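# Architecture and fold: a report
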Amino acid sequence: MQFTDLGLAPTITRALEEAGYTSPTPVQGESIPAALAGNDLLVSAQTGSGKTAAFLLPSLQKLTVKSEGRGNGPRILVLTPTRELAQQVEKNALEYGKNLRWLRTACLVGGASFGFQTRALSRPVDLMVATPGRLMDHMRQGRVDFSRLEMLVLDEADRMLDMGFIEDIETIVAATPANRQTVLFSATLDGTVGKLAEKLTRQPQRIEIARVESGGQIEEHLLYADDQRHKDRLLEHILKEAGFDQAVIFTATKIGSEELADKLADQGYSAACLHGDMPQNWRNRTLNDLRRGRIRVLVATDVAARGIDVPTITHVINYDLPKQAEDYVHRIGRTGRAGRDGTAITLAETREFHRVRRIEQYLKRQINEGVIEGMEPTRRPPKGGGQRRHTGGKPDGQRRHGSGSGQPYAGRKPSGGGSGYAKRAPRSANSSSRAPRAD
Ligand code: AMP
């Protein structure tokens, strides 16, 4: 199937060709014709599946026809959970819509100046991308007119609900025309998302896309540590030995991300942190620096890192476990992008094994546990707690894998010939799973 088979205007397909897209991804192949037919849609698709173009292309197609509505308000509204994702969506809209010379977009996100956004709203807007909180701020000031809105897109709806935006979303939706087309994208369509979707859509078409491969494979490793200090030593070892280009390290807290970034900067890495309390222009600068390779290690919290699409990120390290199992998928999806391979390493204290198990239950597979020679944990998680027992292997149930390039520890000795940290005899048992791209 080609983009030209989907009923899109040549001005749009030309831009796609120039962007190097040859054929639609599965979510695009199914969603674009359905959206062009005017249906409401409920689409379960992951980041990395090409979902942004799946809703932007039919949106842009609508904009190729002149509006009959009056006023300056947006014809398309895309709601996203985070600022970074909103900016990414606007950037993609400008890329795919670059031949629609009249196209005007507005991006309303928190942390950025009101003045600029207010000026954008005083002119006609075709496509608006917004986070719910900031959009509500502008709505309260009477600056947004939805009377000519044709299409509402909720991107990563599950995440918006997780972030507590339900009331804002309901208020925003209530301000839009009832005859709008509504398109909802979410990793899952179950539970509260399903209930919200029922309320917001009319006879929606359901499109469920199986998790897809974007070409890149993510190799996953799980390393248990006795305690925080042990984790720090593992991290130090990984960064020294992994041979990474760029890495994103996830911490559980904002303060934790700042402290770790400072520590790594002291150790000589070009490191920076990214979290939701940073002013928006600072966050933008950090992301630009990451894209340009000026930052090699980004220490981030979950929300801030969502939507980061930088193909040169070779490694994701979960320094702290994600609070929610699904965040694991989003985190590791920061690597293995644009068809490249990536490595995801999760550090967990042994006492946290039940949290690892929850992630594995969500994934419906185990993350293979490995050890670094000479840096093994002194205690192991209980059997079945995320540790894979290999039959026919060594007596301790671990197996030896051939060392693959990009693996941080396979076949390598800890730097300095062993730290003396683990008292038991060094094992060279490394296990790794070459998991399919999860998003
Ligand atoms: P998304 O799921 O929207 O975050 O997209 C993931 C990545 O795939 C982005 O880098 C897009 O630019 C890219 N992409 C989207 N659609 C296509 C396509 N049809 N062919 C190739 N790459 C694509």
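Below is a short write-up of the structure. Not measured: the values here are computed from a predicted model.

For the pair helix α14 (residues 325–332) and helix α15 (residues 353–363), the least separation of the axes is 8 Å and the interaxial angle reads 75°. Comparing the axis directions of α14 and α15 gives the class roughly perpendicular. Judged by residue contacts, A325, E326, Y328 and V329 of α14 engage R358, I359, Y362 and L363 from α15. Counted by class, the contact of α14 with α15 contains six nonpolar, no polar and two charged residues.

Two side chains carrying opposite charge are able to pair once their charged atoms lie near each other. For the structure shown, the criterion picks out 20 salt bridges. Among the ionic pairs, D277 bridges to K254, the shortest N-O distance being 3.2 Å. One end of the pair, D277, is in the loop between β10 (271–274) and α12 (280–291); the other, K254, is in helix α11 (residues 254–266), and 23 residues separate them in sequence. On the accessibility criterion, D277 (57% relative accessible area) is exposed. Through salt bridges with shared partners, a single network forms among K51, D155 and E156.

What follows is about the site of the ligand. Around the ligand, a shell composed of 14 residues is seen, among which Y21, Q28, G48, G50 and T52 lie nearest. Here a nitrogen atom of the ligand sits 2.7 Å away from a polar atom, N or O, in the side chain of Q28. Here T52 contributes a side-chain N or O atom positioned 2.5 Å from an oxygen atom of the ligand. When isolated, the ligand has an accessible area of 500 Å², and the protein chains bury 75% of it. Residue classes in the shell around the ligand are distributed as three nonpolar, eight polar and three charged.

It is worth spelling out the packing of helix α6 (residues 132–140) against helix α8 (residues 166–174) at this point. Relative orientation of the contacting elements α6 and α8 amounts to 45°, with a least axis distance of 10 Å. The orientation of α6 relative to α8 falls into the category oblique. Crossing hand, α6 versus α8: left-handed. On the side of α6, the interface is formed by P132, G133, L135, M136 and M139, while α8 contributes D168, I169, T171 and I172. Here the residues of the contact of α6 with α8 sort into six nonpolar, two polar and one charged.

What follows concerns the sheet that holds strand β6 (residues 181–186). Reading across the sheet, the seven strands line up as β3-β4-β2-β5-β6-β1-β7 and stay open at both edges, with parallel pairing between neighbours. The sheet is open, and its two borders are formed by β3 (105–108) and β7 (205–208), each paired with just one other strand. Along the sheet, successive strands turn relative to each other by an average axial angle of 15°, direction set aside. The pairing of strand β2 (residues 76–79) with strand β5 (residues 151–154) spans four bridges and is parallel.

About the thresholds
Residues numbered from 1 in each chain as written. Predicted model: local features only at pLDDT ≥ 70, side-chain atom pairs only at ≥ 80, totals over all residues. Heavy atoms only, no water. Axes fitted to C-alpha atoms, helices over the stretch in contact; angles between N-to-C directions. Helix = DSSP H or I, 4+ residues; strand = E, 2+ residues; numbered from the N terminus. Parallel < 35°, antiparallel > 145°, perpendicular 65-115°, else oblique. Contact = heavy atoms within 4.5 Å. Nonpolar A, V, L, I, M, F, W, Y, C, P; charged D, E, K, R; others polar. Salt bridge = Lys/Arg side-chain N within 4 Å of Asp/Glu carboxyl O. Buried < 20%, exposed > 50% of the residue type's maximum accessible area, 1.4 Å probe, protein only. Near = heavy atom within 4 Å. Polar contact = N/O pair within 3.5 Å; in protein donor to acceptor, adjacent residues only side chain to side chain. Areas by Shrake-Rupley, 256 points an atom, 1.4 Å probe, with all protein chains shown as cover. Left-handed = near helix turned anticlockwise from the far one by under 90°. Pairing = 2+ DSSP bridges.

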